[in-house]
Each structure stands twice: as C-alpha cells, then as structure tokens.
Amino acid sequence: MKRVCAGFIVAVCAVSASAADYSESPNHQIGGLGFMTLEGDDVDYTIGALVGSIASKHRVSNRFSLVPELRLGIGLDDDKVIVENTSVDVELEYFAALSVKAQLDVTEHLYLFANPTYAYSSVKGSSGDISLSDSDSAFAIGAGAGYEFYRGVSAELSYEKFSDASVTSLGLKFPM
C-alpha cells in the first residue's frame, strides 16, 4: 500500500508540473502535497505523514465553492508510547480520506473552508519481536484556511477532529 500511495503522490506532482499555462475556470482540478500530524486522544502519540491529494473545485457563486477531495498518505514520522511499562513504536502505515470542502473566498487571495471527512487508516505497533497492525475508519469535521499566492497555487492549513484523534495538515495546492 505504501508503494501505491507513493506512486499516487508522484503522479499528482508530475501531472501538475505540466500545468504551467494555467487560467482558472469556474470548475477545475487541483493537486496537492503536504504534511499531516495525527495525534491520539486516548493514547498520547503523534505521528506524521506525507499526503498527496486530488480535488475538483466547483464554483457555486462568485465567492463560494464546493471541493470534493481524495487524500492518500504514507507514514514518515513514528512515535514511542509506554504501554504497561513497555515501550511500543507506533507508526502510520497508510491514510486515505475523502472530504467535501465548503470554501468561502474572503478576499482575492484568502479563503476559509469547513469539511466533513471520512477517513481510513492503518497503524502498526511494535515492541521487540511483537508487531500488531490495526485499521480503523471514522468520520471527522474540519476547518481551515488557504492563501493563494500565485495563480492557482496556494498554501493551506487545516484541522480535523475525529472521535479519538485529531489531524493537523499543512499543504501546497496547485492546478492540474
């Protein structure tokens, strides 16, 4: 699965690099690359991931858009937690999420968004010779802001709250 996620991320970057002659239409595709941190609420851990995304922006009015988005990620940064006096390495194997952003353009360059998200992740814990993997899916609600600093190229910061974890993301979005 890590190879599939890495291939997806490379493909998004390659396709987007060919979009040098960009002129925004009301509806267009958006690629993205970013870093996210996943923090547990019940168990104190923080793990990081490289995330690639593909989205389709659909302008509803001059200032409002709906943006369905698919994100795939692979773990980059793991964490150690103590469980019953035993050190356990926790790492994210992969992450997939589907969301729909309700985006409001505040100014010509600044926009705010809120998004419901459905995500699926696989986390691996290991200690010594013992290794366990667990997969989980959950719904979340999130919000964020973006700043378009060049035609179609923007930086986004977002926060999503799941029932037992939270995700903070920082990413770069570009036309495809």
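Because the structure is a prediction, the values reported are computed rather than measured. (Residues numbered from 1 in each chain as written. Predicted model: local features only at pLDDT ≥ 70, side-chain atom pairs only at ≥ 80, totals over all residues. Heavy atoms only, no water.)

**Student:** Would you mind showing me how to read the overall build of the protein here?
**Tutor:** If you tally the helices and strands in the protein, you get one helix and nine strands. Listing every helix and strand of the protein by position from the N terminus yields α-β-β-β-β-β-β-β-β-β. Sequence-distant contacts, at least 24 apart, represent 55% of the contacts inside the protein between residues at least 6 apart. (Helix = DSSP H or I, 4+ residues; strand = E, 2+ residues; numbered from the N terminus. Contact = heavy atoms within 4.5 Å.)

**Student:** I'm lost on the nonpolar core in this one. Help?
**Tutor:** Inside soluble globular proteins, nonpolar side chains tend to come together where they are buried. Counting 18 residues, the largest nonpolar core has Met36, Leu38, Tyr45, Ile47, Leu92, Phe95 and Phe162 as its most contacted members. Those elements giving two or more residues to this core turn out to be β1 (27–40), β2 (46–59), β5 (86–105), β7 (130–150) and β9 (165–175). Considering every element that reaches this core, the biggest residue donor is β5, with five residues. Not counting residues up to four positions away in its chain, the partners in contact with Ile47 are Met36, Thr37, Leu38, Asp77, Asp78, Asp79, Val90, Glu91 and Leu92. (Core = buried A, V, L, I, M, F, W, Y, C linked by side-chain atoms within 4.5 Å. Buried < 20%, exposed > 50% of the residue type's maximum accessible area, 1.4 Å probe, protein only.)

**Student:** Would you take a moment to explain empty space enclosed by the protein for this structure?
**Tutor:** A water-sized probe rolled over the atoms picks out the places where empty space is left. One pass over the structure, following the stated rule, counts one cavity of 30 Å³ or more. There is about 210 Å³ of room inside the largest cavity. As for the largest cavity, its lining consists of 20 residues, and the residues nearest its centre are Arg71, Glu156, Ser158, Ser169 and Lys173. For the lining of the largest cavity, the secondary structure elements donating two or more residues are β1, β2, β3 (64–77), β6 (110–127), β8 (153–161) and β9. Per-element accounting of the lining of the largest cavity gives the leading share, five residues, to β9. (1 Å grid on protein atoms, 1.4 Å probe; cavity = no way out; pocket = protein on both sides within 12 Å on 5 of 7 lines; lining within 4 Å. Points joined across faces, edges and corners; volume = space filled by probe spheres on them.)

**Student:** Help me understand the packing of aromatic side chains, please; the structure alone is not making it clear to me.
**Tutor:** Aromatic ring pairs: the centre-centre distance and the angle between the two ring planes describe each pair. In total, this model carries three aromatic pairs according to the counting rule given. A centroid spacing of 6.4 Å and a plane angle of 35 degrees characterise the contact between Tyr111 and Phe113, whose relative ring orientation is tilted. Exposure class is identical for Tyr111 and Phe113. Each is buried. Where Tyr118 meets Phe139, the ring centres are 4.9 Å apart and the plane angle is 55 degrees; that geometry is what we call tilted. In this pair, Tyr118 sits in strand β6 while Phe139 sits in strand β7, placing the two residues 21 residues apart along the sequence. For Phe139, a relative accessible area of 64% puts it in the exposed group. Taking the ring centre of Phe113 as reference, the NZ or CZ of Lys101 above it sits at 4.5 Å. (Phe/Tyr/Trp six-rings, centres within 6.5 Å; stacked < 30°, edge-to-face > 60°. Lys NZ or Arg CZ within 6 Å of the ring centre and 35° of its normal.)

**Student:** What exactly am I supposed to notice about the layout of surface pockets here?
**Tutor:** One number sums up the size of the largest pocket: a volume of about 670 Å³. Tyr45, Val90, Val123, Asp134 and Asp164 are the residues nearest the centre of the largest pocket, which is lined by 30 residues in total. When grouped by side-chain class, the residues that make up the lining of the largest pocket number 17 nonpolar, seven polar and six charged. (Nonpolar A, V, L, I, M, F, W, Y, C, P; charged D, E, K, R; others polar.)

**Student:** I would appreciate a short explanation of the pairing of β7 in the present structure.
**Tutor:** In summary, the side chains of a regular strand alternate between the two faces of the sheet. Both β6 and β7 contribute to a ladder of 18 bridges, which runs antiparallel. Looking across to β7, one finds that Gly125 is bridged to Leu132. Between β6 and β7, which pair antiparallel and follow one another directly, the connecting turn spans two residues, one of which, Gly128, has a positive phi of 65 degrees. Bridge count for β7 against β8 is nine bridges, and the pairing is antiparallel. (Pairing = 2+ DSSP bridges.)

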